[in-house]
Amino acid sequence: MTHLPTGFLHEPDPDNPGWMRWGFRDPTRFNSALGRMIVRVDADGRVRMRAFPDRSHSNLADKVHGGALLGFIDVALFATSRSKGIIEAGTAVTLDLSTQFVGAADIGQPLDFVSEVLRTTRRLVFIRGLVEQGDAVIASYSGTIRKPSGE
């Protein structure tokens, strides 16, 4: 079982062999509003974060709200960096996030955020990925994380 120093939850998910639970231990933090998330490294080296959107993530069209998708994507950047062993501490920050929405996501069906690390430097991590729901692509994204001081 692995615990990040700032209260992150990153440990095997007993309900999903091969997956790790992901989130904050403190339920008063923003990430808790996103609900349950799990993560794994796929055989091809990409990191897959799975989220489970429900009505609290919906817009008036009964689809997943774009703001919720952006929140999930931001979390996927950090889940990717941690799963690849690039960052340990919880004080890394998102420098930029670019997202292109190409479809609508249904509530009540899992969403996968499939990410790959493009490059790392001493201070930065460059990541890109796709949001998938079943066979549909919902969005593409790219983002940059600044590593915490001392990493």
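Look up: the structure comes first, before these words.
Let us look at the structure shown here. (Residues numbered from 1 in each chain as written. Predicted model: local features only at pLDDT ≥ 70, side-chain atom pairs only at ≥ 80, totals over all residues. Heavy atoms only, no water.)

## Observations regarding the pattern of salt bridges
Applying the stated criterion across every chain yields a total of 11 salt bridges. The partner of Arg40 in a salt bridge is Asp42, and the shortest N-O contact between them spans 2.6 Å. Measuring nitrogen to oxygen at the nearest pair gives 2.6 Å for the salt bridge that ties Arg50 to Asp112. Of this pair, Arg50 sits in strand 4 (residues 47-51) while Asp112 sits in strand 6 (residues 111-120); the two residues are 62 residues apart in sequence, bridging distant segments of the chain. Taking the relative accessible area as the measure of exposure, Arg50 reaches 23% and is therefore partly exposed. Look at the salt bridges and you will find they share partners, linking Arg40, Asp42, Arg48, Arg50, Asp112 and Glu132 into a network. (Salt bridge = Lys/Arg side-chain N within 4 Å of Asp/Glu carboxyl O. Helix = DSSP H or I, 4+ residues; strand = E, 2+ residues; numbered from the N terminus. Buried < 20%, exposed > 50% of the residue type's maximum accessible area, 1.4 Å probe, protein only.)

## Quick look at the packing of aromatic side chains
Scanning the model with the defined rule gives 1 aromatic pair in all. The ring of Phe52 carries the charged tip of Arg36 above its face, separated from the ring centre by 3.8 Å. (Phe/Tyr/Trp six-rings, centres within 6.5 Å; stacked < 30°, edge-to-face > 60°. Lys NZ or Arg CZ within 6 Å of the ring centre and 35° of its normal.)

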